[in-house]
Amino acid sequence: MRKVSSVLLVLVLISFMSAVGFAADRPLIAFSQVAMNHPWRIAMTNDIVYWAEKLGVDLIWNEGEADAAIQLTKVRDLLLQEPDALIMSPFQATALDPVKEMCDEAGIPLVTIDRSIDSEPGTGMYISFIGKDNTRIARELGEFVANYLYELNGEYKGNIVEIQEAVGSSATIERYNGFREAIAEYPDINIIATQSGHGYRVEGTKVMENYLERFPAGTIDIVYTHSDEMGLGALQAIKAAGRTELIGRLVTMDGQRAAIETVVNGEHLGVADYAPHFGEAAIKTILAYLAGDEVEPVQMLDFNLYHMTTPEGENFTRNYYNRMLAEDLFY
Amino acid sequence: MNTHFVKFSVIILFFALLCSPMSARVEASETEPEALTPLTDFGELRAEDMEANYYGLVVDWTRRLSLNNNLQVEVLYLDPRLVLASEVLAGTVAEDTFDDYVAEQAAAYAASTPFVIKLSHDTNIDRLNLGDWKVTLANDQGEEQVLTDYQGSEPQLRTSYSRGNFYQVDYDVSFPTSGYQFLDSSTKWMKLSFDNGRNVYEITWDFQPQVSAQQSNVFETVMKILITSVTVLLALGLIVTRPKVSVLNEWSRADR
């Protein structure tokens, strides 16, 4: 009887050890998402889940419900599970900065995606920030708008209304500044109103309704929104108000399928791509770091501008839109 | 008063006659859908603009269907233009050998009809075996070919907007023919059926939507002509039956 018990004990120990050994083969990565109430955020999470599976890592994740304090608490919950690394898309740069200190103390590498925190990437356990250069994208979008206004009016002249992203986020600040940097060269191109739509479609509609009441037909040339969702909301308001002169005068950022479709249909003037595909770069960065390789502290991913104002732009945009349909892509 | 009556009727007549043919013409051009037409004359193959057309052709020639137990099938008919577009994208078609390429394609389509069949399932890769199905290609001319020749990839993890993550196996398949093209200019439709012994699922490519669209345009035009004629007759009736000046004068005297 004692022999049988010993054999069983050994077997249990072996299976336990092999389970631990097996688990140790797959790194555990934690991911903290801002919120899951926006298609862009849902697509970002899906992308990370996809690349985690594809690259053979285990993933745990939660969301901060679009609240910095909640996200901080949720990050603490993730760190208590002792992951091999943390990926965070922070709600706000300053409010989520303590996460860097938490990771330093726990010895857990931190990668931020999309938005940065106040701390310098490449210091302590904050190994990398992976984003797209919001400032550069907004600058190119501003340049595109200036050139369009020149084609339209024969001079660099026009009035722009702006709908901003969530107040205080690094993306909002960069999209705000980059666009202004581009049009600063043209004194007769003016931003006549700016207000936050908090990134949501319904808020975009409300802000645009307000603009349409304040500015009669002929006084707005371009509507610039920091995200597609708000752009689509603004388009709804424009259509509902019968302000047809503004159809085809919206420029937005993100690059979701519905927005690209409005470019193809002529309802949007242009969309700058800021697709939420960070999963591959983030997980590969972590795997490289865990393998002892050096990683770039700041990584900027490429972007495209979709429009139909030139034959090349039209071909490129149509082809990309058809690819989205063919491959059932949202971004 | 009488003059106003005539003027009013003439204005109605004028607008009715002016508007009806214009609106009929606008409607006809707006509602006319593009027909899905397979390329059957290889002499029409052109390499120009093919690079930009690739994904558009994929969208045009792809059909999707849910089979049993969450198994999904996506079928892409490899129209010769689509094959050419993919070759142009890959940079494997040269201008100086283009005639040879066209001749090769014509011979290939006379020998077999190619498709890509993609079987996908959210979790279970064991269900992605095309061999579990009897796949038959048929057309309106009564021809049928059963699939025997196919090559499948390894199951691959994919992601998409509407489905999230799933596993997929891509099969390159071709249905052998007897030295002639399965599709010709008179083919009205073709379909693929998937039979697992319990259920049969069908995917159809219809090549004649324009015929029904033309019929519906004919109906709209007839209705418009009818409505216009009635309006014209009413206007004429108003003019013919207008009260005479003497009667109007009598009425106005009586009113006073």
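Per chain, the residues get numbers from 1 upward, laid out in the order the sequence is written. Both sets of labels track the order of writing: A upward for chains, 1 upward for ligands. Side-chain atom pairs in this predicted model are given and counted only at pLDDT of 80 or more, local residue features only at pLDDT of at least 70, and totals for whole chains, interfaces and linings cover all residues. No hydrogens and no water enter the side-chain calculation; it runs on all heavy atoms of the structure.

> Quick question: what am I supposed to make of helix H7 (residues 201–214) of chain A here?
Along an α-helix, residues three or four apart share an orientation, since each turn contains 3.6 residues. All names here are of chain A. A run of H or I in DSSP counts as a helix once it spans at least four residues, and a run of E counts as a strand once it spans at least two, with each numbered from the N terminus. By this rule the span expected of a helix is its residue count minus one, scaled by 1.5 Å. If you check H7, its first and last C-alpha atoms are 20 Å apart, about what 14 residues at 1.5 Å a residue would give, namely 20 Å. For H7, the full list of buried residues reads Gly204, Thr205, Val207, Met208, Tyr211 and Leu212. Here, residues are in contact when the closest pair of their heavy atoms is within 4.5 Å. Taken together, the buried residues of H7 touch strand S6 (158–164), strand S7 (189–196), strand S8 (222–225) and helix H8 (228–240). In this scheme, a residue with accessible area under 20% of its type's maximum is buried, one over 50% is exposed, and one in between is partly exposed, where area comes from a 1.4 Å probe on protein chains only.

> Honestly, the nonpolar core in this entry has me stumped. Any pointers?
Across soluble globular proteins, you tend to see nonpolar side chains buried next to one another. Residue types Ala, Val, Leu, Ile, Met, Phe, Trp, Tyr and Cys, when buried and joined through side-chain atoms within 4.5 Å, form a set referred to as a nonpolar core. Grouped together as the largest cluster of nonpolar side chains are 48 residues, with contacts concentrated most on Phe115, Ile117, Leu192, Phe194 and Trp205 of chain B. Apart from the residues within four sequence positions on either side, Phe115 of chain B is in contact with Val75, Leu76, Tyr77, Leu78, Leu137, Tyr171, Asp172, Val173, Phe175, Met190, Leu192 and Trp205 of chain B.

> Sorry if this is basic, but what is going on with the pairing of strand S7 (residues 156–160) of chain B here?
Sheet faces and side chains relate simply in a regular strand, where the side chains alternate between the two faces. All names here are of chain B. By the bridge criterion, 5 bridges tie S7 to strand S8 (residues 164–176) in an arrangement that is antiparallel. Among the inter-strand pairings, Ser160 is bridged to a residue of S8, identified as Gly164. Criterion used throughout: strands pair if DSSP finds at least two bridges between them. In this antiparallel pair of consecutive strands, S7 and S8, the connection spans 3 residues.

> What exactly am I supposed to notice about the packing of H7 of chain A against H8 of chain A here?
Packed helices, taken two at a time, are described by the angle their axes make and the gap between the axes. All names here are of chain A. In contact at an axis separation of 7 Å, H7 and H8 are set at 45° when each is read in the N-to-C sense. Taken together, the axes of H7 and H8 lie oblique to each other. Like other packed secondary-structure pairs, H7 and H8 cross with a definite hand, here right-handed. Taking contact as the criterion, the partners of Arg201, Gly204, Thr205, Met208, Glu209 and Leu212 in H7 are, on H8, Glu229, Met230, Leu232, Gly233, Ala234, Gln236, Ala237 and Ile238. Among the residues making up the contact of H7 with H8, the classes are represented as 7 nonpolar, 4 polar and 3 charged. Fitted lines through C-alpha atoms serve as axes, helices being fitted only where they are in contact, and the angles separating the N-to-C directions of these axes extend from 0 to 180 degrees. When describing relative orientation, an angle under 35 degrees is termed roughly parallel and one over 145 degrees roughly antiparallel, while 65 to 115 degrees is termed roughly perpendicular and anything else oblique. Crossings are sorted by hand: turned counterclockwise from the far helix by less than a right angle, the near helix makes the crossing left-handed, and turned clockwise it makes it right-handed. Note that Gly is not counted as nonpolar here; it falls among the polar residues with everything else outside the nonpolar set of Ala, Val, Leu, Ile, Met, Phe, Trp, Tyr, Cys and Pro and the charged set of Asp, Glu, Lys and Arg.

> How do you make sense of the interface of chain A and chain B when you look at a structure like this?
One widely used convention gives an interface's size as the accessible area the parts lose upon coming together. At the interface, 16 residues of chain A touch 18 residues of chain B. Here, a salt bridge means any side-chain nitrogen of Lys or Arg that lies within 4 Å of a carboxyl oxygen of Asp or Glu. If you look at where chain A meets chain B, you find 0 salt bridges. Here the side of chain A that touches chain B gets 6 residues from one element, more than from any other, and that element is helix H11 (residues 311–326) of chain A. Split into classes, the residues belonging to the side of chain A that touches chain B amount to 6 nonpolar, 4 polar and 6 charged.

> Please clarify how the pattern of salt bridges should be interpreted in this entry.
Pairs may arise between side chains of opposite charge once their charged atoms sit close together. Residue and element names in this part refer to chain A. With the rule as written, the count across this model stands at 24 salt bridges over all chains. We note a salt bridge from Arg323 to Glu327, for which the minimum N-O separation is 3.3 Å. Taking relative accessible area as the criterion, Glu327 reaches 34% and is therefore assigned partly exposed. Within the structure, one salt-bridge network assembled from shared partners comprises Arg41, Asp114 and Arg115.

> Would you take a moment to explain unusual backbone geometry for this structure?
Leaving glycine out, the prevailing phi sign among residues is negative, and the prevailing peptide bond configuration is trans. All names here are of chain A. Its identity as a non-glycine residue notwithstanding, Ala66 has a phi of 55°, on the positive side. Tracing the sequence through the fold places Ala66 in the loop between strand S2 (58–63) and helix H3 (68–80). By relative accessible area, Ala66 is classed as partly exposed at 25%. The phi dihedral of Glu82 is positive, around 50°, even though this residue is not glycine. Inspection of the secondary structure puts Glu82 in the loop between H3 and strand S3 (85–88). Residue classification places Glu82 among the exposed residues on the basis of a relative accessible area of 65%.

> Please explain the pairing of S8 of chain A as it appears in this structure.
All names here are of chain A. The alternating pattern of S8 places Ile222 and Tyr224 and Val223 and Thr225 on opposite faces, both of which are buried. Relative to S8, S6 runs parallel, the two being bridged by 4 bridges. When the bridges of S8 are listed, Ile163 appears paired with Thr225. Remark: the S8/H8/strand S9 (residues 250–254) crossover connection has right-handed handedness. With its strands directed away from the observer, a crossover is right-handed exactly when the path from the first strand over the helix to the second travels clockwise.

> I keep staring at the sheet that holds S2 of chain A and nothing clicks. Help me out?
In sheet architecture, strand pairing relies on hydrogen bonds along the backbone and comes in two forms, parallel and antiparallel. Residues and elements named next belong to chain A. Pairing within the open sheet is parallel, and its 6 strands lie in the order S2-S1-S3-S4-S5-S11. Since the sheet does not close on itself, it has two edges, and those belong to S2 and strand S11 (298–301), each with one partner. Strand-to-strand twist in this sheet, taken as the mean axis angle between neighbours without regard to direction, amounts to 20°. With 4 bridges joining them, strand S5 (residues 126–132) and S11 adopt parallel strand pairing. Pairing of Ile130 across the sheet is with Gln299, part of S11.

> What's the story with a negative patch on the surface in this structure? I'm lost.
Residues Glu48, Glu95, Asp96, Asp99, Asp100 and Glu104 of chain B make up a contiguous surface patch of negative charge. With respect to the secondary-structure elements, Glu95 of chain B resides in the loop between helix H3 (80–90) and helix H4 (98–111). Patch criteria: residues need more than 30% relative accessible area and no salt bridge. Like-charged residues are merged within 9 Å; nonpolar side chains of Val, Leu, Ile, Met, Phe, Trp and Tyr are merged within 5 Å. In this description, accessible areas are obtained by the Shrake-Rupley approach with a 1.4 Å probe, and a residue is regarded as covered only by the protein chains that are shown. For the purpose of counting charges, residues Lys and Arg are taken to be positive, whereas Asp and Glu are taken to be negative. His and the chain ends are not included. To locate a charge, take NZ of a lysine, CZ of an arginine, CG of an aspartate or CD of a glutamate.

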